Amino acid sequence: LGARRGAAMQRFLALLALAPSVAALLPSQVTHSRSVVRLARAAAPRLAARFAVGVDVGTGSARAGVVDVSTGELCGVHKQDIVLFNPLPEYYEQSSDDIWSAVCNCVRGALAAAKASPDDVCGVAFDATCSLVLLDGDDQPVGVDPTVPDDAARNVIVWMDHRAEKQASRINMVGHPRLANVGGAISPEMEIPKLLWLKENLPGTFGATVGAGAKGKALDLSDFLAYKAVDGKGHARSLCTTVCKWNYDATASTRQWDRSFFASVGFDEAELAVSSIGEEVLAPGVPMPGGGVGPSAAAALGLNPGTPVGIGMIDAHAGGIGCLGASISGGATKKATTEEPATKESRRKEPTTDEPAIEARLGLIAGTSTCHMASSTEPCFVPGVWGPYYSAMFPELHLNEGGQSAAGAMLDFLISSHPAGAAVTAAAAAAAAA
């Protein structure tokens, strides 16, 4: 499992790192034929800079990878653990400052491992857990821990935090139609129940970030990292994070926040303003507004100012691209044509690859949790299964997902508590280093 997870990590770090420079290619790489969908792999883009940087922030660590854009080779990796607070049962918190510091160290370390200079980098992009980051109007952290509410360093409610179970239950009792896109029931791990918990239990934090008249922000972690990378000069959110964890309406004909949903669960009209939760929502891989990496972030990351920053994704969904985007047919694929600009109609012609249809494949992404990802051309509404999420992972495709929230954590506990745990862990580390 560890070896397979490492291989999948390499694939999706490579794809994520390429996001800023090849975002325009993504829609043309999806071909439709009746109800069958396949990926067509375009030739590597011709870029003056050789490397792209992908950053992945999980529950317990951050890691960065440097990828050769001409070959897809992962040339350098660096990892650093991040702090996790557990002040009460079911309460899990982190620090955005600690995470950003780890990310910066990882990027610098990965560049050094790859023997790459800032001049060699064509872009950077981030994926992360769907944790909730709270900032005030000056982009400073605001505390979320009820046991130490004045500790601003603890400003991230981690994805697996379940403090909002009562709020999620009340939201589900309302039965708003927006819940159809989360299998009929919202999870306390999603952001709207957590924000409602803040309103009811930490009104100071809520008021400073997303309350009426607030100038602050509530962001998914990957969106925070992209925002931080441009020195706060651009403010856009990922279609992946907002659709999957914020109940954003991504229907092609609407694409908007559903204010009726917010009102139905207990938020006032002036609360959760778009300036605080995302006025501009963009597809993963699209360049982040703000002119690329800002001067302050550039100094911290070891990159050049102006280096393109791609809109990010949730970590499991980036893994879904790496898993489902990988060839499984022994390399027997046809080259995608690049002679004519792709249109929606041309993408619906016969597929240009011998790969199995995306609809016939299920991605299983392993980490602290385990996520099962399936895509389809038509929306599939299944009670108890999250989705359909339009364009959340692949352009113009509907994503459904399920899984087990603690699968990886349970394996870790089993191994660490077993008498032979230390020995097999050491053996695995030695094998990975060989």
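Please refer to the structure higher up on the page.
All of these numbers come straight from a predicted model, not from anything done at the bench.

Calculation criteria
Residue positions within a chain follow its written sequence, with the count starting from 1. Local features in this predicted model are restricted to residues of pLDDT 70 or higher, and side-chain atom pairs are both shown and tallied only at a pLDDT of 80 or more, whereas totals for entire chains, interfaces and linings draw on every residue. To get the side-chain values, take all heavy atoms of the structure and skip hydrogens and water. Here the axes come from fitting lines to C-alpha atoms, over the contacting stretch only for helices, and the angles between their N-to-C directions go from 0 to 180 degrees. For helices the rule is a DSSP run of H or I covering at least 4 residues; for strands it is a run of E covering at least 2, with both sets numbered from the N terminus onward. Note that the term roughly parallel is reserved for angles under 35 degrees, roughly antiparallel for angles over 145, roughly perpendicular for angles of 65 to 115, and oblique for everything else. Put simply, a crossing is left-handed when the front helix is turned counterclockwise from the back one by less than a right angle, and right-handed when it is turned clockwise. Contacts were defined at the residue level, with two residues in contact if any of their heavy atoms lie within 4.5 Å. Charged residues are taken to be Asp, Glu, Lys and Arg, nonpolar residues to be Ala, Val, Leu, Ile, Met, Phe, Trp, Tyr, Cys and Pro, and polar residues to be all remaining types, Gly included. Exposure above 30% relative accessible area and the lack of any salt bridge qualify a residue for a patch; like charges then connect within 9 Å, and the nonpolar side chains Val, Leu, Ile, Met, Phe, Trp and Tyr within 5 Å. We get accessible surface area from the Shrake-Rupley algorithm with a probe of 1.4 Å; when it comes to residues, only the shown protein chains can shield them. A pair is scored as a salt bridge if a Lys or Arg side-chain nitrogen falls within 4 Å of a carboxyl oxygen belonging to Asp or Glu. A pair of strands is considered paired only if DSSP assigns at least 2 bridges between the two. We call a set of buried residues a nonpolar core when its members are Ala, Val, Leu, Ile, Met, Phe, Trp, Tyr or Cys and they connect through side-chain atoms within 4.5 Å of each other. Throughout, exposure labels follow a simple rule: accessible area from a 1.4 Å probe, protein chains only, divided by the maximum for the residue type, with under 20% read as buried, over 50% as exposed, and the rest as partly exposed. Only rings of Phe, Tyr and Trp enter the pairing, Trp through its six-membered ring, and a pair is recorded when the two centres are within 6.5 Å. The plane angle decides the type: under 30 degrees is stacked, over 60 is edge-to-face, the rest tilted.

A. The arrangement of the packing of helix 4 (residues 165-174) against helix 5 (residues 191-201) in detail. Contact pair helix 4 / helix 5: the axes reach a minimum separation of 8 Å and the direction vectors enclose 115°. As the angle between them shows, helix 4 and helix 5 are arranged roughly perpendicular. Relative to helix 5, helix 4 is oriented so that their crossing is right-handed. For the pair formed by helix 4 and helix 5, the contact residues are Gln167, Ala168, Arg170 and Ile171 on the first element and Ile192, Pro193, Leu196, Trp197, Glu200 and Asn201 on the second. Of the residues contributing to the contact of helix 4 with helix 5, the split by class is 6 nonpolar, 2 polar and 2 charged.

B. Quick look at a nonpolar patch on the surface. On the surface, a nonpolar cluster with roughly 340 Å² of combined accessible area is contributed by Leu411, Leu414, Ile415 and Val424. Sort the elements by how many residues they give to the nonpolar patch and helix 13 (residues 407-417) lands first, with 3 residues. Secondary-structure assignment places Val424 in helix 14 (residues 421-433).

C. The sheet that holds strand 17 (residues 398-404), seen in detail. Read from one edge of the open sheet, 4 strands run 14-15-17-16, paired in antiparallel fashion. Each end of this open sheet is capped by a strand with a single partner; those strands are strand 14 (363-366) and strand 16 (386-390). Pairwise comparison of adjacent strand axes, ignoring direction, gives a mean angle of 25° for this sheet. With 4 bridges connecting them, strand 14 and strand 15 (residues 370-376) associate as antiparallel partners. Across the sheet, residue Leu364 finds its bridge partner in strand 15, namely His372.

D. The arrangement of the nonpolar core in detail. Counting 56 residues, the largest nonpolar core has Ile192, Leu195, Leu198, Phe267 and Leu272 as its most contacted members. Of all the elements in the fold, those that place two or more residues in this core are strand 8 (132-135), helix 4, helix 5, helix 8 (239-245), helix 9 (259-265), strand 13 (309-314), helix 12 (315-324) and strand 15. Here the element with the most residues in this core is helix 5; it accounts for 5 residues. With sequence-adjacent residues up to four places away left out, Ile192 is seen in contact with Ile171, Ile186, Lys245, Trp246, Asn247, Phe261, Phe262, Val265, Phe267 and Leu272. Residues Ala62, Leu219, Tyr227 and Val230 belong to the second largest nonpolar core, which totals 44 residues.

E. Just unusual backbone geometry, in detail. Cis geometry marks the peptide bond from Gly387 to Pro388; its omega dihedral reads 5°. In this fold, Pro388 is placed in strand 16. Even without being a glycine, Ser391 presents a positive backbone phi close to 60°. Counting through the fold element by element, Ser391 comes out in the loop between strand 16 and strand 17.

F. The arrangement of the pattern of salt bridges in detail. A full pass over the atoms with the stated rule returns 12 salt bridges. Residue Arg163 is joined to Asp161 by a salt bridge in which the shortest nitrogen-to-oxygen separation is 2.9 Å. Using a relative accessible area of 0% as the deciding quantity, one classes Asp161 as buried. In this structure, the salt-bridge partner of Glu200 is Arg170, at a minimum N-O distance of 2.3 Å. Of this pair, Glu200 sits in helix 5 while Arg170 sits in helix 4, and the two are 30 residues apart along the sequence. Exposure remark for Glu200: the relative accessible area of 40% places this residue in the partly exposed category. Given a relative accessible area of 38%, Arg170 falls into the partly exposed group. Connected via shared salt-bridge partners are Glu93, Asp145, Asp151, Arg154, Asp161 and Arg163.

G. Fine view of the packing of aromatic side chains. What the rule picks out here adds up to 7 aromatic pairs. Aromatic side chains Tyr248 and Trp257 sit 4.9 Å apart centroid to centroid with 75° between the ring planes, which places their arrangement in the edge-to-face category. Tyr248 sits in the buried class, given a relative accessible area of 7%. Taking 6.1 Å as the distance between ring centres and 35° as the angle between the ring planes, the aromatic pair formed by Trp257 and Phe262 counts as tilted. By relative accessible area, which is 8% here, Trp257 ends up buried.

H. Quick peek at the sheet that holds strand 10 (residues 217-220). With antiparallel pairing, the 4 strands of this open sheet are ordered in space as 6-9-8-10. The open sheet has two free edges, formed respectively by strand 6 (93-94) and strand 10, since each of these has just one partner strand. Pairing of strand 8 with strand 9 (residues 156-157) involves 2 bridges; the strand directions are antiparallel. Bridge pairing in strand 9 links Leu132 to Ile157.

I. Representation of the packing of helix 3 (residues 96-114) against helix 7 (residues 221-229) in the model. Direction vectors running N to C along helix 3 and helix 7 enclose 65°, while the axes themselves pass 11 Å from each other. When the axes of helix 3 and helix 7 are compared, the pair comes out roughly perpendicular. Crossing of helix 3 against helix 7: the hand is right-handed. Residues Ser96, Ile99, Trp100 and Val103 of helix 3 form the contact with helix 7, whose own contacting residues are Leu221, Phe224, Leu225, Lys228 and Ala229. Here the residues of the contact of helix 3 with helix 7 are counted per class, giving 7 nonpolar, 1 polar and 1 charged.

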